[in-house]
Amino acid sequence: MASVSRSLGSMASITIQTIEVEQLPALIIVMRARSVTEIFTVIHGSVSVHELLPSLIQAVDVFEQQQQLEIKEEEERAARELVKREQDEAYFASLEADRQVI
């Protein structure tokens, strides 16, 4: 539990500790989104395959959506940085040109 607490936080540790013995085995799906790793869902061993499969598919869908959002945000950040860099270069070129005139 100490390792889980260090890696995922105290809430994850509490979540795992509250799983009843009768519900074991349990499948714990961990997801990293926005630089935070956390428990996405806990699927208890008492579920059937027909209940398990939709939960797994949902987890994959949520992960893919989050991944696409993060890719889009990173592309937007890179575009903003490029514009800023171009503006800085133009400013310093203009400043240098003004210095040469003086």
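Please read these numbers as outputs of a predicted model, since none were measured by experiment.

*Asks:* Help me understand the overall build of the chain in this model?
*Replies:* Secondary structure assignment for the chain yields three helices and two strands. From first element to last, N terminus to C terminus, the chain shows the α and β order α-α-β-β-α. For 102 residues, the compact-globule estimate of 2.2 N^0.38 gives 13 Å, and the chain exceeds it by more than 25% at 24 Å. When the backbone C-alpha atoms are referred to their principal axes, the chain occupies close to 85 × 30 × 10 Å. Taking all 102 residues of the chain together, 12% fall into the buried category. Restricting to contacts in the chain with at least 6 residues of sequence separation, those with at least 24 account for 31%. As presented, the chain carries roughly 8100 Å² of accessible surface, and 57% of it is formed by carbon and sulfur atoms.

*Asks:* I'm lost on the UniProt feature "domain: Fas-associated factor 1/2-like UAS" (unreviewed entry) in the chain in this one. Help?
*Replies:* In the numbering adopted here, UniProt assigns the feature "domain: Fas-associated factor 1/2-like UAS" (unreviewed entry) to residues 2–58. In residues 2–58, the share of helix is 44% and the share of strand is 30%. The end C-alpha atoms are 29 Å apart.

*Asks:* Sorry, what's going on with the nonpolar core here?
*Replies:* What tends to happen in soluble globular proteins is that the nonpolar side chains get buried as a cluster. Core analysis: the biggest nonpolar cluster contains five residues, these being Ala-12, Ile-16, Ile-19, Ile-39 and Val-42. Sorting the residues of this core by element identifies helix 2 (10–17) and strand 2 (36–44) as the ones contributing at least two each. Discounting chain neighbours no more than four positions away, the residues touching Ala-12 are Val-4 and Ile-39.

*Asks:* What am I meant to see in the confidence of the model for the chain here?
*Replies:* Segments scoring low in pLDDT should not have their predicted coordinates read at a detailed level. In the predicted model, the chain carries a mean pLDDT of 88, and 99% of its residues have values of at least 70. When mean pLDDT is taken per element in the chain, helix 3 (residues 49–101) scores highest with 93 and helix 1 (residues 2–8) scores lowest with 81.

*Asks:* Is there a simple way to think about the packing of aromatic side chains in this case?
*Replies:* Aromatic rings in a pair are described by how distant their centres are and how their planes are angled relative to each other. Summed over the entire model, instances satisfying the criterion amount to one aromatic pair. A ring pair is formed by Tyr-91 and Phe-92, whose centres lie 5.2 Å apart and whose planes are at 65 degrees; its orientation type is edge-to-face. The partly exposed category is assigned to Tyr-91, whose relative accessible area is 49%. The class for Phe-92 is exposed, based on a relative accessible area of 52%.

*Asks:* Explain the pairing of strand 2 here, please?
*Replies:* Both faces of the sheet carry side chains from a regular strand, because those side chains alternate between them. Pairing geometry for strand 1 (residues 26–33) and strand 2, over eight bridges, is antiparallel. Directly across from Ala-26, in strand 2, lies its bridge partner His-44. Between the end of strand 1 and the start of strand 2, which pair antiparallel, lie two residues, with Arg-34 showing a positive phi angle near 55 degrees.

Calculation notes
Residues numbered from 1 in each chain as written. Predicted model: local features only at pLDDT ≥ 70, side-chain atom pairs only at ≥ 80, totals over all residues. Heavy atoms only, no water. Helix = DSSP H or I, 4+ residues; strand = E, 2+ residues; numbered from the N terminus. Rg over C-alpha atoms; globule rule 2.2 N^0.38 Å. Buried < 20%, exposed > 50% of the residue type's maximum accessible area, 1.4 Å probe, protein only. Contact = heavy atoms within 4.5 Å. Areas by Shrake-Rupley, 256 points an atom, 1.4 Å probe, with all protein chains shown as cover. UniProt positions renumbered as here; feature names shortened; annotations may be inferred. Core = buried A, V, L, I, M, F, W, Y, C linked by side-chain atoms within 4.5 Å. pLDDT = per-residue confidence, 0-100. Phe/Tyr/Trp six-rings, centres within 6.5 Å; stacked < 30°, edge-to-face > 60°. Pairing = 2+ DSSP bridges.

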